[in-house]
Protein chains: 2
Amino acid sequence: MAQGNLYILSAPSGAGKSSLISALLDKEQGKNRMVSVSHTTRQPRPGEVDGVHYHFVSVAEFETLIEQGAFLEYAKVFGGNYYGTSLPAIEKNLAQGIDVFLDIDWQGARQIREKVRSVKSIFILPPSLSELERRLIGRGQDSAEVIADRMAKAKAEISHYDEYDYVIINDNFEQALVDLQSILRAEKLTLGYQKQENQRLIHELLAK
Amino acid sequence: MAQGNLYILSAPSGAGKSSLISALLDKEQGKNRMVSVSHTTRQPRPGEVDGVHYHFVSVAEFETLIEQGAFLEYAKVFGGNYYGTSLPAIEKNLAQGIDVFLDIDWQGARQIREKVRSVKSIFILPPSLSELERRLIGRGQDSAEVIADRMAKAKAEISHYDEYDYVIINDNFEQALVDLQSILRAEKLTLGYQKQENQRLIHELLAK
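Residues numbered from 1 in each chain as written. Chains lettered and ligands numbered in written order. Predicted model: local features only at pLDDT ≥ 70, side-chain atom pairs only at ≥ 80, totals over all residues. Heavy atoms only, no water.

*Asks:* Lay out the overall build of chain A in plain terms, naming residues and giving numbers.
*Replies:* Counting its secondary structure elements, chain A contains nine helices and nine strands. Whereas a compact globule of 208 residues would reach a radius of gyration of roughly 17 Å, chain A reaches 19 Å, a difference of no more than 12%. Oriented by its inertia axes, the alpha-carbon framework of chain A measures out at about 70 × 45 × 30 Å. Taking all 208 residues of chain A together, the buried fraction comes to 48%. Taking as baseline every contact in chain A between residues at least 6 positions apart, the subset at least 24 positions apart corresponds to 66%. Per element, the accessible surface of chain A, about 10600 Å² overall, is 48% carbon and sulfur. One finds the centroid of the 24 positive side-chain charges in chain A at a distance of 5 Å from the centroid of its 28 negative side-chain charges. (Helix = DSSP H or I, 4+ residues; strand = E, 2+ residues; numbered from the N terminus. Rg over C-alpha atoms; globule rule 2.2 N^0.38 Å. Buried < 20%, exposed > 50% of the residue type's maximum accessible area, 1.4 Å probe, protein only. Contact = heavy atoms within 4.5 Å. Areas by Shrake-Rupley, 256 points an atom, 1.4 Å probe, with all protein chains shown as cover. Lys, Arg positive; Asp, Glu negative; His and termini not counted. Charge placed at Lys NZ, Arg CZ, Asp CG, Glu CD.)

So, in C-alpha cells, the structure goes:
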C-alpha cells in the first residue's frame, strides 16, 4: 500500500475553502482522508470542540511543544495567538495510507514545503473581488471595519497564489469540488504513487 | 486563453486504450479535445477512413515527409510499415486551446518527450496478464500464434510503463474513464495553466 498524500489548502477568507473541505470529506467518507487538527492558543468559538476543530492549548504549552520540535510549521498571527501543525500525528496517518489536508496560510505553506518535499499545495481563489466582499459581508457577523480588514488580508493572501502547485477558482461550488477531487485522484495516478500502490500487479505484468 | 495540452497515451494492445479515447471524446464533445491523426503506410482495415483514422500514404510520400522534417516522431514497425505524427497540425490545434492526444507506443513517446518538454504521458495497464490475454482472444479474429505474438509485444510495451507521468489501471472501464478525466482536469488546474487561462481574473484580484 502506498503512503497517503499530504496536501496544503490555502485561500483568502471568503473563498469557500472550509465548505469545500467539509463537502469533500462528507462525499468521500471512508476514502481515507482527513484534515489535520491544528494546535492553537486562541479561545474556542461557539460550537468549536477541542481535539476536533483545534487542539486548544495555553501559550506555555504551545511554547513547550515548539521547544520539543513537535511542529511542522507554526505561526504567531496578529492578535498574538499561535497556530501550529504537529508532525508526529501527520506522519502516523500518512503511513496508514490516509491523505492529510493542512488548512493553513501561505506562511505555513512555505514552512511545510521546506520540510516535506512531496507535499502538494492547492490555492483557492474567489471568482472576483466583489464576490469575495459579498461573501465576507454575507456572514453578517462583522463590522464594516472588520470586513475591510479581512479584504486587505485576503488580498495579501491572494498575492501568494503563485507559490502553489494548483489553483482552483471557486465560482461554482460543485465545479470547485469536482476540481478538488480531480486533483486528488490524478495524484493517485502518478507513476510514483502507482508504483507503490500496485507493486504486485506490476510485478506480475513484468514477469518473464 | 491558455494553449491546449499535449498528451501521449500508450498501452499494450488489449488494455482498452482505444475504447477509453472514444468514450472520452464522446462524453466531452465540444470540450476542445481531439486525437491526432497519424500518417501510416499500412493498408486501411475494413471500416477505416483516410483522414479520420489515419492519413494513409505511400512509402514514397512518407519518406518525403521525413525529409521535410514534418514528423514529431515516426517509426518503422515490424512488417515494415511506417507510422508518424505530423508536427504542424498539432501545433495549430494546441494554439487554438485544443487538447491533442497522441495514441502512440513507447518508442514514439520517447521521441515526443525529447522535442516537446511540456507533453504529459499516460500509460494504461490491464488489471492482469490473464485478463489481457482474455481480451486479446475475445476479439476472435486472430490465430493462437498471432495472439501469442501480441502477448509478447504487450509485455514488451508494458516494460516501459515507468517512463510515463501517469499510470491508469483499466480494471473497471468507467473508473478508468473517470481517472483519465481527472488527469485532464487536474492538468488544467496547475499553476502554469491557470496563470494563462485566467490572466484577467488574477490581474483584478492582485490590483492594489
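More follows now that the structure is in view.
*Asks:* Account for the relation of the copies chain B and chain A, with residues named and values stated.
*Replies:* When chain B is brought onto chain A, the operation consists of a screw motion whose angular component is 180° and whose axial shift is 0.0 Å, with 0.1 Å RMSD remaining. Those values place the two copies in the arrangement expected of a two-fold rotation axis. Looking at the rotation axis and the C-alpha trace of chain B, the residue lying nearest is Ser182(B), at 2.2 Å. A shared interface surface links the copies, since 100% of the contact residues of chain B are contact residues in chain A too. (Least-squares fit on C-alpha atoms with pLDDT ≥ 70 in both.)

*Asks:* Kindly report on the sheet that holds strand 8 (residues 120-125) of chain A, identifying the contributing residues and their values.
*Replies:* All names here are of chain A. Spatially, 2-7-1-8-9 is the arrangement adopted by the five strands of the open sheet, whose pairing is parallel. The sheet is open, and its two borders are formed by strand 2 (33-35) and strand 9 (166-169), each paired with just one other strand. In this sheet, neighbouring strand axes are inclined to one another by 25° on average, regardless of whether the strands run parallel or antiparallel. As paired strands, strand 2 and strand 7 (residues 99-103) are joined by three bridges and run parallel to one another. If you follow Val35 over to strand 7, its bridge partner there is Phe101. Contacting strand 1 (6-10), strand 2 and strand 7, helix 3 (residues 87-95) runs over the sheet at an angle of about 150° to strand 7. (Pairing = 2+ DSSP bridges. Axes fitted to C-alpha atoms, helices over the stretch in contact; angles between N-to-C directions.)

*Asks:* So what's going on with the interface of chain B and chain A? Residues and values would help.
*Replies:* Chain B puts 36 residues into the contact, and the matching count from chain A is 36 residues. Sorting the residues of chain B by area buried against chain A places Leu189(B), Leu191(B) and Leu205(B) first, and these three jointly supply 20% of that buried surface. The interface formed by chain B and chain A holds three salt bridges in total. Taking the shortest distance from any N to any O, the salt bridge between Lys195(B) and Asp162(A) comes out at 4.0 Å. For the pair chain B and chain A, the number of links is 12 residue pairs in polar contact (both at pLDDT 80 or more). (Buried area = accessible area lost by both parts, 1.4 Å probe. Salt bridge = Lys/Arg side-chain N within 4 Å of Asp/Glu carboxyl O. Polar contact = N/O pair within 3.5 Å; in protein donor to acceptor, adjacent residues only side chain to side chain.)

*Asks:* Requested: an account of helix 4 (residues 106-115) of chain B, with residues and values cited.
*Replies:* All names here are of chain B. Inspection of helix 4 places Trp106, Gly108, Ala109 and Ile112 among the buried residues, and these make up the whole buried set. Summarising the axial view, the buried residues of helix 4 lie within an arc of 150°, below the 170-degree limit, and thus occupy one face. Exposed and oriented more than 90 degrees from the buried face of helix 4 are Glu114 and Lys115. The N-terminus of helix 4 is capped by Asp105, whose side-chain oxygen sits 3.1 Å from the backbone nitrogen of Gln107. (Arc of directions from axis to C-beta.)

*Asks:* Any chance you could break down the nonpolar core for me, citing the residues and the numbers?
*Replies:* Counting 40 residues, the largest nonpolar core has Ile122(A), Ile168(A), Ile183(A), Ile122(B), Ile168(B) and Ile183(B) as the members making the most contacts within it. Formed by 31 residues, the second largest nonpolar core is a distinct cluster that contains Leu72(B), Ile104(B), Trp106(B) and Val167(B). (Core = buried A, V, L, I, M, F, W, Y, C linked by side-chain atoms within 4.5 Å.)

*Asks:* Which residues make up the side chain of Glu73(B), and what are the values?
*Replies:* Residues and elements named next belong to chain B. Of note, Glu73 is situated in strand 5 (residues 71-76). One buried charge, Glu73, has no salt-bridge partner; the nearest side chain with opposite charge is Lys115, at 8.2 Å. A polar side-chain atom of Glu73 sits 2.4 Å from a polar atom in the side chain of Thr85. If near-sequence neighbours (up to four positions away) are discounted, Glu73 is found in contact with Tyr83, Gly84, Thr85, Ile104, Gly108, Gln111 and Ile112.

*Asks:* I'd like to hear about the environment of Phe123(B), residue by residue, with values.
*Replies:* Residue and element names in this part refer to chain B. The topology assignment puts Phe123 in strand 8 (residues 120-125). Given a relative accessible area of 0%, Phe123 falls into the buried group. Sequence separation between Phe123 and Ile168 is 45 residues; the distance between their C-alpha atoms is 6.3 Å. Those residues in contact with Phe123 that lie beyond four places of it in its chain are Ser10, Ala11, Pro12, Glu157, Ile158, Tyr161, Tyr164, Tyr166, Val167 and Ile168.

*Asks:* Could you give an account of the pattern of salt bridges, naming the residues involved and the relevant values?
*Replies:* Going through the model one piece at a time under the given rule, you end up with 15 salt bridges over all chains. Residues Glu131(A) and Arg134(A) are paired through a salt bridge, measuring 2.9 Å at the closest nitrogen-oxygen approach. Taken as a pair, Glu131(A) and Arg134(A) lie in helix 5 (residues 129-138) at a separation of three residues, close to a single helical turn. Residue Arg135(B) is joined to Glu131(B) by a salt bridge in which the shortest nitrogen-to-oxygen separation is 2.9 Å. Here Arg135(B) and its partner Glu131(B) are both found in helix 5 (residues 129-138), four residues apart, which amounts to about one turn of the helix. Counted as one network, the salt bridges with shared partners bring together Glu131(A), Arg134(A) and Arg135(A).

*Asks:* Please set out the packing of aromatic side chains residue by residue, giving values where relevant.
*Replies:* All names here are of chain A. Summed over all chains, the structure comprises 18 aromatic pairs over all chains. A connected cluster of aromatic rings, assembled from ring pairs, spans Phe62, Phe71, Tyr74 and Tyr82. The ring of Tyr164 has Arg113 lying over it, and the distance from NZ or CZ to the ring centre is 4.7 Å. (Phe/Tyr/Trp six-rings, centres within 6.5 Å; stacked < 30°, edge-to-face > 60°. Lys NZ or Arg CZ within 6 Å of the ring centre and 35° of its normal.)

*Asks:* Before we move on, can you summarise the packing of helix 5 of chain A against helix 6 (residues 144-158) of chain A with the specific residues and values?
*Replies:* All names here are of chain A. For the pair helix 5 and helix 6, the least separation of the axes is 10 Å and the interaxial angle reads 135°. In terms of axis orientation, helix 5 runs oblique to helix 6. In the packing of helix 5 onto helix 6, the handedness of the crossing is right-handed. Contact residues: Leu129, Leu132, Glu133, Leu136 and Ile137 in helix 5; Ile147, Arg150, Met151, Ala154, Lys155 and Ile158 in helix 6. The residue makeup of the contact of helix 5 with helix 6, split by class, is eight nonpolar, no polar and three charged. (Parallel < 35°, antiparallel > 145°, perpendicular 65-115°, else oblique. Left-handed = near helix turned anticlockwise from the far one by under 90°. Nonpolar A, V, L, I, M, F, W, Y, C, P; charged D, E, K, R; others polar.)

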